Amino acid sequence: MPIVNRVADLHAEITAWRHDIHAHPELLYDVHRTAATVADKLKSFGCDDVVTGIGRTGVVGVIRGRKPGTKVVALRADMDGLPIEEATGLSYKSTVPGKMHACGHDGHTAMLLGAAKYLAETRNFAGTAVVIFQPAEEGGAGARAMLRDGLLDRFGIREVFGMHNFPGMPVGQFAIRSGPMMASTDSITIDIEGVGGHAAWPHLGVDAVLVGAQIVNQLQSIVARNVDPLEAAVVSICVFHAGHAENVIPQHARLRGTARSLTPKVRELLQKRVREVVEGTARLYGAKAELTYRTGYPVLVNDEGRTAFAAAVAGEIAGKDKVNEDCPPLMGAEDFAYMLQERPGAFIYVGNGDSAALHHPAYDFNDEAIPVGTSYWVRLAETALAG
Ligand SMILES: [Zn+2]
Ligand SMILES: [Zn+2]
């Protein structure tokens, strides 16, 4: 596998950074230690510019090539962990109770730092490479916060690229697809108001539990009966809170869940049908239901040309046969989608080997993937900015 030689030399150093970040996980925008570590390292590498505080705690490093050129290409990593108690027993396991790097953003940050070190050392390209370290990927829309702070225009960014590790795919492999690759995710909260009362006189009340149960069932008809069977959609109700005692019919119930899709058309259909089903079902049973439908991350859409380009770069690193250029889309979500709404680019998966799943307490980023991901980044920048 043609890993970049200098990157192979940096493997141990990048691994040490990864372990340090792993031991000190931070959540959402509260990534002060991680962001400070990133900014210090970028300065020590000799980046031409290091800017902090973009999108609250995001960090950007600017590296200009030795050759003249005006093109600006951005590489993006995420820095935040998750509110999960780590159960790995690793020597570098989380030192913070209830927080861990269970999505591998420690690895993403370390690999992009490694690429920044190499690119600042060699500068063998024309134009400018921008490295973006964002906060709050895990539900906080940190990418959108950085965009709202003028990220793209401020640094003249024309193309954006992102990467995520992928448990279950062997180390040394990549997967990507053109077009929609990850789902939009919208959140559903339903507050049902019935009439409480004694469990022995149900006819005098309106049972919020029964109404809630009917709504959960009816919502399943949306994917089964309203969405085109050749399109993808998910409606999952994952929270059902109601009642306190076995002999009291509860007045109130709260349901919460998620609706996901891969096209704006299906996304709109889900929103419309969830509202109709919730309001109609509640009315059928004489209850009131209030739906709060919050739109979250958009569909992640890879640009066709940049996807082919990214796959070709990955093929140079891993070998053509180790790059799946047509992986199936996932119903998971990723806020890099916001950046891809603004600029053409591509998001790619890099194999994490036979690890626990993402967001699992036993998950760990695979350090063997570091030379692969870091080599991908440096070759991508050098090729995109070949001049
Ligand atoms: Zn995650
Ligand atoms: Zn993640």
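As a reminder, the structure under discussion sits directly above these lines.
Now for a description of the structure that goes with this document.

Criteria and cut-off values
Here, residues in each chain are numbered from 1, in the same order as that chain's written sequence. Labels follow written order: the first chain is A, the first ligand is 1, and so on. For this predicted model, a pLDDT threshold of at least 70 governs which residues receive local features, and a threshold of 80 or more governs which side-chain atom pairs are given and counted, while totals over whole chains, interfaces and linings are taken from all residues. Side-chain numbers come from the whole structure's heavy atoms, not from hydrogens or water. Secondary structure is summarised from DSSP: a helix means a run of H or I of at least four residues, a strand means a run of E of at least two, and numbering begins at the N terminus for each. Taken over C-alpha atoms, the radius of gyration is set against a globule rule of 2.2 Å times the number of residues to the power 0.38. The criterion used for residue contact is that any of the two residues' heavy atoms lie within 4.5 Å. Accessibility throughout is a Shrake-Rupley quantity obtained with a 1.4 Å probe, and a residue counts as covered only by protein chains that appear here. A positive count includes Lys and Arg, and a negative count includes Asp and Glu. His and the chain ends are not counted in either. We put the charge of a Lys on NZ, of an Arg on CZ, of an Asp on CG and of a Glu on CD. In short, DSSP must find at least two bridges between two strands for them to pair. For every element, the axis is a line fit to its C-alpha atoms; helices are fit only across the contacting stretch, and the angle between N-to-C directions ranges from 0 to 180 degrees. Polar contact is the term for a pair of N or O atoms within 3.5 Å; when the atoms are in protein, one must be able to donate a hydrogen and the other to accept it, and sequence-neighboring residues count only if both atoms are side-chain atoms. Any N, O or S atom lying within 2.8 Å of the metal counts as a donor, and for Na, K and Ca the limit rises to 3.2 Å; water is left out, so some sites can look incomplete. In short, tetrahedral needs four donors with all angles between 85 and 135 degrees, square planar needs four and octahedral six donors with opposite donors over 155 degrees apart and all other angles between 65 and 115, and whatever is left is irregular. By definition here, a helix of n residues has an expected span of 1.5 Å times n minus one. A simple rule labels every residue: compare its accessible area, found with a 1.4 Å probe on the protein chains alone, to the largest value its type can have, and call it buried under 20%, exposed over 50%, or partly exposed in between. Of all possible arcs, the one meant is that of the directions from the helix axis to the C-beta atoms. Residues enter a nonpolar core if they are buried and are Ala, Val, Leu, Ile, Met, Phe, Trp, Tyr or Cys, with the set joined through side-chain atoms within 4.5 Å. Candidates for patches are residues over 30% relative accessible area with no salt bridge; among them, like charges are joined within 9 Å and nonpolar side chains (Val, Leu, Ile, Met, Phe, Trp, Tyr) within 5 Å. For this analysis, a salt bridge means a side-chain nitrogen from Lys or Arg found within 4 Å of a carboxyl oxygen belonging to Asp or Glu.

A short note on the overall build of the chain
Turning to step 1, where the next piece is worked out: Each helix and strand in the chain was counted, giving 10 helices and 16 strands.
Turning to step 2, where the next piece is worked out: On C-alpha atoms alone, the chain measures out to a radius of gyration of 23 Å, which is about the 21 Å that the 2.2 N^0.38 rule sets for 387 residues.
Turning to step 3, where the next piece is worked out: Along the longest, intermediate and shortest principal axes, the C-alpha atoms of the chain span 80 × 45 × 40 Å.
Turning to step 4, where the next piece is worked out: Within the chain, residue pairs in contact and separated by at least 24 positions form 82% of the contacts whose partners lie at least 6 positions apart.
Turning to step 5, where the next piece is worked out: In the structure as shown, the chain presents an accessible area of about 16100 Å², 51% of it carried by carbon and sulfur atoms.
Turning to step 6, where the next piece is worked out: Of the side chains in the chain, 37 bear a positive and 44 a negative charge, and the two mean positions are spaced by 4 Å.

Digging into the sheet that holds strand 1 (residues 49-54)
To summarise the sheet geometry, strands pair through backbone hydrogen bonds and adopt either a parallel or an antiparallel arrangement.
Turning to step 1, where the next piece is worked out: Strand order in the open sheet formed by 8 strands is 1-2-4-3-5-16-6-15, with mixed pairing between adjacent strands. Each edge of the sheet is formed by a strand with only one pairing partner; in this case those strands are strand 1 and strand 15 (323-324).
Turning to step 2, where the next piece is worked out: Pairing analysis gives 2 bridges linking strand 6 (residues 174-175) to strand 16 (residues 345-351), with the strands arranged antiparallel. By the bridge assignment for strand 16, Phe 174 is matched with Val 350.
Turning to step 3, where the next piece is worked out: Of the strands in this sheet, strand 2 (58-64), strand 3 (67-78), strand 4 (126-134) and strand 5 (159-166) are in contact with helix 3 (residues 105-122), which crosses strand 3 at around 160 degrees.

Some points on the side chain of Arg 177
Turning to step 1, where the next piece is worked out: Positionally, Arg 177 belongs in the loop between strand 6 and strand 7 (179-182).
Turning to step 2, where the next piece is worked out: Only 3.1 Å separates the side chain of Arg 177 from the backbone oxygen of Pro 180, close enough to count as a polar contact.
Turning to step 3, where the next piece is worked out: Only 3.3 Å separates the side chain of Arg 177 from the side chain of Asp 326, close enough to count as a polar contact.
Turning to step 4, where the next piece is worked out: Arg 177 has contacts with Asn 302, Thr 307, Glu 325, Asp 326, Cys 327, Pro 328 and Pro 329, leaving out every residue within four places of it along the chain.

Some details on the coordination of the zinc ion (ligand 1)
Turning to step 1, where the next piece is worked out: Coordination of the zinc ion (ligand 1) by the protein involves Cys 103 (SG), Glu 138 (OE), Glu 138 (OE) and His 359 (NE2), with metal-donor separations of 2.0 to 2.7 Å.
Turning to step 2, where the next piece is worked out: Classification of the site at the zinc ion (ligand 1) as irregular follows from its 4 donor atoms and the range of 52 to 150 degrees in their angles at the metal.
Turning to step 3, where the next piece is worked out: Along the chain, the residues donating to the zinc ion (ligand 1) fall in the pattern C-x34-E-x220-H.

Points about helix 7 (residues 264-284)
Turning to step 1, where the next piece is worked out: Given a rise of 1.5 Å per residue, 21 residues ought to cover 30 Å, and the 30 Å separating the end C-alpha atoms of helix 7 matches this to within 8%.
Turning to step 2, where the next piece is worked out: Taken residue by residue, helix 7 has Val 266, Arg 267, Leu 270, Val 274, Val 277, Val 278, Thr 281 and Ala 282 as its buried positions. The buried residues of helix 7 occupy an angular sector of 110 degrees when the element is viewed end-on, so they sit on one face. When the buried face of helix 7 is taken as reference, the exposed residues oriented beyond 90 degrees from it are Pro 264, Lys 265, Glu 268, Arg 283 and Leu 284.
Turning to step 3, where the next piece is worked out: Where helix 7 is buried, its residues meet strand 8 (184-193), helix 6 (208-226), strand 10 (233-242), strand 12 (252-261) and strand 13 (288-295).
Turning to step 4, where the next piece is worked out: Where helix 7 ends, the next residue or the one after it, Gly 286, has phi of about 75 degrees, a positive value.

Details of the nonpolar core
Turning to step 1, where the next piece is worked out: Grouped together as the largest cluster of nonpolar side chains are 59 residues, with contacts concentrated most on Leu 42, Leu 75, Leu 119, Phe 133, Phe 174 and Tyr 376.
Turning to step 2, where the next piece is worked out: Looking at this core element by element, the count peaks at 9 residues for helix 3.
Turning to step 3, where the next piece is worked out: Setting aside chain neighbours within four positions, we find Leu 42 in contact with Cys 47, Val 50, Val 59, Val 60, Gly 61, Leu 113, Ala 116, Val 131 and Phe 133.

Some remarks on the coordination of the zinc ion (ligand 2)
Turning to step 1, where the next piece is worked out: Within the protein, Cys 103 (SG), His 105 (NE2) and His 164 (NE2) serve as the donor atoms for the zinc ion (ligand 2), at 2.1 to 2.3 Å.
Turning to step 2, where the next piece is worked out: Linear spacing of the donor residues for the zinc ion (ligand 2) on their chain is C-x1-H-x58-H.
Turning to step 3, where the next piece is worked out: Here the zinc ion (ligand 2) and the zinc ion (ligand 1) are spaced 3.2 Å apart, linked through Cys 103, which binds each one. Linking Cys 103 in the loop between strand 3 and helix 3 with His 164 in strand 5, this pair joins segments that are 61 residues apart in sequence.
Turning to step 4, where the next piece is worked out: The exposure class of Cys 103 is buried, given its relative accessible area of 6%.
Turning to step 5, where the next piece is worked out: Residue His 164 is classed as buried on the basis of its relative accessible area of 6%.

Here we look at a nonpolar patch on the surface
Turning to step 1, where the next piece is worked out: A contiguous nonpolar surface patch, about 290 Å² in accessible area, is contributed by Leu 210, Leu 284 and Tyr 285.
Turning to step 2, where the next piece is worked out: Mapping Tyr 285 onto the fold places it in the loop between helix 7 and strand 13.

Thoughts on the environment of Trp 17
Turning to step 1, where the next piece is worked out: Structurally, Trp 17 is set in helix 1 (residues 5-23).
Turning to step 2, where the next piece is worked out: Taking the C-alpha atoms as reference, Trp 17 lies 40 Å from Pro 264; in sequence the two are 247 residues apart.
Turning to step 3, where the next piece is worked out: When residues no more than four places from it in sequence are discounted, the contact partners of Trp 17 are Lys 41, Phe 45, Ala 110, Leu 113, Gly 114 and Lys 117.

Some details on the pattern of salt bridges
Turning to step 1, where the next piece is worked out: Evaluated as defined, the whole model comprises 23 salt bridges.
Turning to step 2, where the next piece is worked out: Arg 254 is the partner of Asp 191 in a salt bridge, and the nearest nitrogen-oxygen pair spans 2.9 Å. With Asp 191 in strand 8 and Arg 254 in strand 12, this pair connects stretches of sequence that are 63 residues apart.
Turning to step 3, where the next piece is worked out: The shortest N-O distance in the salt bridge between Glu 276 and Arg 273 comes to 2.6 Å. Of the two residues, Glu 276 and Arg 273 both sit in helix 7, 3 residues apart, roughly one turn of that helix.

Observations regarding the pairing of strand 5
Turning to step 1, where the next piece is worked out: Counting buried residues in strand 5 gives 7 out of 8 residues, a clear majority hidden from the surface.
Turning to step 2, where the next piece is worked out: Sheet topology places strand 3 next to strand 5; 4 bridges connect them, and they run parallel. Considered in strand 5, the bridge of Val 73 is made with Glu 159.

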